[in-house]
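# Understanding the architecture of this molecule
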There are 4 protein chains.
Amino acid sequence: MSAAAIDHPFFTKLVGDKEAASLFSAEAEIQALLGFELALARAQAKHGIIPEEAVPAIEAALSGFTPDVEALAEGIGNDGVIVPALLKQLRSRLDTPHRAHLHFGATSQDVIDTGLALRLAEAITLIDTRLGHVIDSLGALEQRDGAVELMAHTRMQAAIPVSARRKITSWRDPLIRDRARLAASRDDVEVLHFGGAVGTLEKLGDKGTIVAADMANDLQLRHVDHPRHTERDGIASFASALSLITGSLGKFGQDVALMAQSEVGEIELATGGGSSAMPHKKNPVPAEVLVTLARFNATLLAGMHQSIVHENERSGAAWTLEWMILPQMVVGTAAALRLGLMLAENISFKRD
Amino acid sequence: MSAAAIDHPFFTKLVGDKEAASLFSAEAEIQALLGFELALARAQAKHGIIPEEAVPAIEAALSGFTPDVEALAEGIGNDGVIVPALLKQLRSRLDTPHRAHLHFGATSQDVIDTGLALRLAEAITLIDTRLGHVIDSLGALEQRDGAVELMAHTRMQAAIPVSARRKITSWRDPLIRDRARLAASRDDVEVLHFGGAVGTLEKLGDKGTIVAADMANDLQLRHVDHPRHTERDGIASFASALSLITGSLGKFGQDVALMAQSEVGEIELATGGGSSAMPHKKNPVPAEVLVTLARFNATLLAGMHQSIVHENERSGAAWTLEWMILPQMVVGTAAALRLGLMLAENISFKRD
Amino acid sequence: MSAAAIDHPFFTKLVGDKEAASLFSAEAEIQALLGFELALARAQAKHGIIPEEAVPAIEAALSGFTPDVEALAEGIGNDGVIVPALLKQLRSRLDTPHRAHLHFGATSQDVIDTGLALRLAEAITLIDTRLGHVIDSLGALEQRDGAVELMAHTRMQAAIPVSARRKITSWRDPLIRDRARLAASRDDVEVLHFGGAVGTLEKLGDKGTIVAADMANDLQLRHVDHPRHTERDGIASFASALSLITGSLGKFGQDVALMAQSEVGEIELATGGGSSAMPHKKNPVPAEVLVTLARFNATLLAGMHQSIVHENERSGAAWTLEWMILPQMVVGTAAALRLGLMLAENISFKRD
Amino acid sequence: MSAAAIDHPFFTKLVGDKEAASLFSAEAEIQALLGFELALARAQAKHGIIPEEAVPAIEAALSGFTPDVEALAEGIGNDGVIVPALLKQLRSRLDTPHRAHLHFGATSQDVIDTGLALRLAEAITLIDTRLGHVIDSLGALEQRDGAVELMAHTRMQAAIPVSARRKITSWRDPLIRDRARLAASRDDVEVLHFGGAVGTLEKLGDKGTIVAADMANDLQLRHVDHPRHTERDGIASFASALSLITGSLGKFGQDVALMAQSEVGEIELATGGGSSAMPHKKNPVPAEVLVTLARFNATLLAGMHQSIVHENERSGAAWTLEWMILPQMVVGTAAALRLGLMLAENISFKRD
């Protein structure tokens, strides 16, 4: 089943990205959720909230756990979240006394939002690395072709000549700024979410803060004052950063598609897409798809910002909307960087 | 890999829909593409464009064809479309003389757009049927609970009492109109796309029209004057129809979520989602997710309308954007109808 | 004050449209609201709900009424709607006994939605007329230049030659279909909204239907079963029709901008925009702005569909969102048609 | 003419904001454009590019200049930008020798983008100040009502009690972070745009950098390496910051509307909107409109990100789209802050 092109076996190498998509696989999600539960148990045992011996018991139950995916899907269909069904499966692997020690004081959103944070941290690293590669590759292109003179165009009309250097700079500099914005969004995204039912850790008495701090340390996430269950500004801001990256790459793609036009020919593509009807053609496929991905993320961004309007202490409606949108934006961004690198490495400015 | 919740094994029963998603599987797409190629060969043989004996040869090559999906993905990565790689695999199953008879005079967009039309025809039937069920179910609810008096609310404040009948009517009537709009969009969607390289069927001489008419007849699609490769109004209009359906269901969901509030209690849910932290709660999960899906489709609709701006005789950028968006809207709509039916069958208006 | 370019004195002739914008002026809105109140009084007097003599009194009060706009703005700031403040001003012009006869049994949404319907009816006529002009003008262009041969382009690369006729058809045919869709949306839009506080006309006893029917007749609007206060499918569907029009024109504009490129030169513009830095340039301004308006309406359309999710019997939040968006879409559409006509009349296909 | 509610005389006090809108008036725009031209002349005279005496001549021509707005509108309709028509009017006030010294070496986009930067700098100050007021006011609310206990709600169902303090924190903290993001966007927005025809300052020889640095200093903007005509990441990022602010306020408004429901009554509004049909009602108008403005900006944000895809050295299509969207987002944000402050000052948490 793959209604979304981003997941479709056919489209992986066009608009998808295996590495980024793997962060959102069922396996990766389960691992991240288990990571939360283990860190929680450890920190609670350390501070005497659950008994010490619960930790090895929980660790044993989690290690080697293979979920019954069908039952999880059934559970999500009922509960709207994976956690009750997952806990049921996990608790069946624990002796009765320890069942209550698993997930003690936590709520579904704690596990799910933290599990997402853990994977977005990896996504940011992946995107940052690829941004570096595209930036470097454009630098190498400038080094090689920067002195080529070409015609500039304003409002779709020939204007006066500029150097390729000037053009390449206008592609690379936004990516450098986008990279800094991405780095800044780590603070928004790599955050521990731990608040219990309504964000007050009411079951942990006066130990909420210290337990949360230890968990954050264990999971290499930021410990913040209070959980941000309903404060979606950080995640929406991260989505904006993604859309800026694909937008900047889309501008690069648009320019390449325009410069590679048969009649313009300012840029040459080392390889191009084939046509079933016209074998003579060399289509600037990656350039076009960069435009596609820019428009895709720009479109989706609106939905992420709609979902900031969160009702009360937890909005099922707004939260589920994020799940439907954000992973696709991450994968779309990774795909755009993959294509952007391919393009930067495969174009050359034509010397007369 | 399932970055899109709509495809994710976990979320199938929440925001996904197996039946609708199956229309967009690799298998379904291949079958539809093969259906086009066979209809093309038949019509061309009938009119003497390719030899009669090419038809059984092509039929044999297509039947029982199992694609090398990895090679198709590789091909799409290069060409931006599946067709060149698919033809290569198919032609390897044909004797040399017939290789040129497969796909003669056609272009990638002919096959892909027609293949989509075939599956959207099924999607419309599925959605139409489910709309009928939801409408009927709301009718039954009115029959049973219509006389119950409840408080109306304007601008989030209690106003004056109305009957449940009045409320149910305001949920059902839009769906009845949406259903008529969906039916009207068949004319836009169930269309044969056959134009060759640039929409002129230049390789078919004076037989383009008669071949196209026969193909359309064979495939049970409409034969139109000239192919609509670059005229995306029909597909965008269909996307609007989908978003109206999810919007109308979202209003129903929003009302149920508001009426089922603990403090309001005008509606009772037969079942509700469980909470990992608060076992006493009964969450109106399907009602919330109807709001999610309404906002999801509303968001995506903008992208479908952006992609009407199509460059020249074929825009890789705009066309690929449709592929990334439309299937998700179809599945999202089917999911909303599934949830809408579940909700209509499981709520009851409370009598004092 | 004109934060919206569509209203800005500078931009009227670029992205604005005086004629369409006049439908949304303060004066036009007041006239439409007064029209509702008068039709209401007439129909209620006819059926004995208010005394006969109230009609001439109300008519006198409404005729020549000049609103205190500042007080209306103040009222809207408090109440979220214009009606309470407007009624206060109108009632001060009536003798005490007749004050209660004005707006009897009606609610703010009745007046405002009906007032909008009256003006959208005019907007549809205006848009329909202009669509006819653009379609005719493209027909004349085909008549004159249709036989010119030019290079077709797929995926931004030269493909094979086509006739200008083929190209023009792909611009005109979507507009013909869009026009049919617009006509179909009259049924959705030109509707009387009259339901009283919560859509039940509870103050009119058994005379609600007959009064509404008479009012609809008087105002030349459709009388429907029950008021559609909370059923926003019709207005959202109308917004879709607008976005299809601007989308189709945007595709036309995009093609012209591409064909008019200095290096391509397949189309010549009779006139072009000047540049402050490069006097030699002739910029395809209307072609570009058609793309702008297509993207503008496509963007806004998402908001109109978000606003279908309406809480209970009246959502201040969703309803106000429509007010912020729809008039701009109407004006943007009218502007696009104005520019589209200018373009169709001012381009010529170049013969070699 | 006011198709946009944000400009409409009726809606100023609801969704508009006089102070913010004044930054986008014709007068403010002209002043900003003249500011650029004067700074340019000064810096060019200082570095010997134009004669010293051109400066007082230009200063005199600009001071007291009253534009012929009709002619400007006509010019924009032709050229797509105001600059050629404006220069024509200004040059008619200069002696022939100095006419060429005005706007020497500059292009329309230099003047317009810099003119926008000057006004956005003021907008940021206005928004920042108001953010401070809302944050302070929520602090005062916490001070007064923070200890009140109320019922928390997750997924639209009563959960367990929390303190008002916890709730208020979740409204205020996002605004504190949004304020930091806004401050960070000054670097993106408050930038001098000066590049000449295609961004190379080709007419200034080796003095481009020093002239630009002096102009930036004069105008209190940042001097950057090279002009960012086609690099729209900064402006799109600023738009994201605006949408985060309205989103965070929308969440506050949504909560207040839910808590003020008749059946819930956890919050009391000092004043509320009146109803024309139900005088007993007290509608939470500002709370609802905060939701409206959040959805409005979230919708528009997609368009700002679409416009990052800029063709070549200047895209008329993408640039004009920004003009249609960004000012409305600024005014919408200012309006939301005005309403947010009103709400924060007028709600009280109910003690049992």
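Residues numbered from 1 in each chain as written. Chains lettered and ligands numbered in written order. Predicted model: local features only at pLDDT ≥ 70, side-chain atom pairs only at ≥ 80, totals over all residues. Heavy atoms only, no water.

## A few points about the relation of the copies chain A and chain C
Between the two copies, chain A and chain C, the superposition gives an RMSD of 0.0 Å; the rotation angle is 180° and the shift along the axis is 0.0 Å. Those values place the two copies in the arrangement expected of a two-fold rotation axis. When C-alpha distances to the rotation axis are compared across chain A, the minimum falls at A:Glu263, with a value of 2.9 Å. Most of the interface of chain A is mirrored in chain C, where 100% of its interface residues are also at the interface. (Least-squares fit on C-alpha atoms with pLDDT ≥ 70 in both. Contact = heavy atoms within 4.5 Å.)

## Describing helix H7 (residues 108-145) of chain A
The terminal C-alpha atoms of H7(A), which comprises 38 residues, lie 54 Å apart, in line with the 56 Å expected from a rise of 1.5 Å per residue. For H7(A), a buried count of 29 out of 38 residues is recorded, marking the element as mostly surrounded by other parts of the structure. (Helix = DSSP H or I, 4+ residues; strand = E, 2+ residues; numbered from the N terminus. Expected span 1.5 Å × (residues − 1). Buried < 20%, exposed > 50% of the residue type's maximum accessible area, 1.4 Å probe, protein only.)

## Comments concerning the interface of chain A and chain C
Each partner contributes to the interface: chain A provides 27 residues, whereas chain C provides 27 residues. Between chain A and chain C, the buried area comes to about 2400 Å², and carbon and sulfur atoms account for 48% of it. The largest share of the area that chain A buries against chain C comes from A:Arg155, A:Met156 and A:Glu263, three residues that together contribute 27% of it. Where A:Glu288 meets C:Arg155, a salt bridge forms, and the shortest distance between an N and an O atom there is 2.5 Å. Here chain A and chain C share 11 residue pairs in polar contact (both at pLDDT 80 or more) between them. At the level of elements, strand S1 (149-154), strand S2 (157-163), helix H10 (233-259) and helix H11 (285-306) of chain A are the ones that each hand at least two residues to the side of chain A that touches chain C. For the side of chain A that touches chain C, the per-class residue count stands at 12 nonpolar, 9 polar and 6 charged. (Buried area = accessible area lost by both parts, 1.4 Å probe. Salt bridge = Lys/Arg side-chain N within 4 Å of Asp/Glu carboxyl O. Polar contact = N/O pair within 3.5 Å; in protein donor to acceptor, adjacent residues only side chain to side chain. Nonpolar A, V, L, I, M, F, W, Y, C, P; charged D, E, K, R; others polar.)

## Considering the packing of aromatic side chains
For the coordinates displayed, the defined rule picks out 20 aromatic pairs over all chains. Each ring, one from A:Trp319 and one from A:Trp323, has its centre 4.8 Å from the other, and the planes form 65°; the classification is edge-to-face. Taken as a pair, A:Trp319 and A:Trp323 lie in helix H12 (residues 316-346) at a separation of 4 residues, close to a single helical turn. Assessed through its relative accessible area of 12%, A:Trp323 is described here as buried. Ring geometry for C:Phe11 against D:Trp323: centres 5.5 Å apart, planes inclined by 45°, an arrangement best described as tilted. Taken together, the residues C:Phe11 in the segment before helix H1 (18-22) and D:Trp323 in helix H13 (residues 316-346) connect one chain to another. A network of ring pairs unites the aromatic residues A:Phe11, B:Trp319 and B:Trp323 as a single cluster. (Phe/Tyr/Trp six-rings, centres within 6.5 Å; stacked < 30°, edge-to-face > 60°.)

## A closer look at unusual backbone geometry
For A:Met156, which is not a glycine, the phi torsion comes out positive at approximately 65°. On the basis of relative accessibility, which here comes to 5%, the residue A:Met156 falls in the buried class. A positive phi angle, close to 50°, is found at D:Arg155, a residue other than glycine. Here D:Arg155 lies in the loop between strand S1 (149-154) and strand S2 (157-163).

## Quick look at the interface of chain A and chain B
Listed per partner, the contact involves 72 residues of chain A and 72 residues of chain B. Both sides of the chain A and chain B interface together cover about 5900 Å² of buried area, and 66% of this is carbon and sulfur. Here chain A is connected to chain B by 4 salt bridges. Between B:Lys13 and A:Glu74 there is a salt bridge; the shortest N-O distance is 2.7 Å. Summed over the shared surface of chain A and chain B, the number is 13 residue pairs in polar contact (both at pLDDT 80 or more). Where the side of chain A that touches chain B is concerned, the elements lending two or more residues are helix H1 (18-22), helix H2 (26-46), helix H4 (69-79), helix H5 (83-91), H11 and H12 of chain A. The leading source of residues in the side of chain A that touches chain B is H11(A), at 11 residues. When the residues that make up the side of chain A that touches chain B are grouped by side-chain class, the tally is 39 nonpolar, 22 polar and 11 charged.

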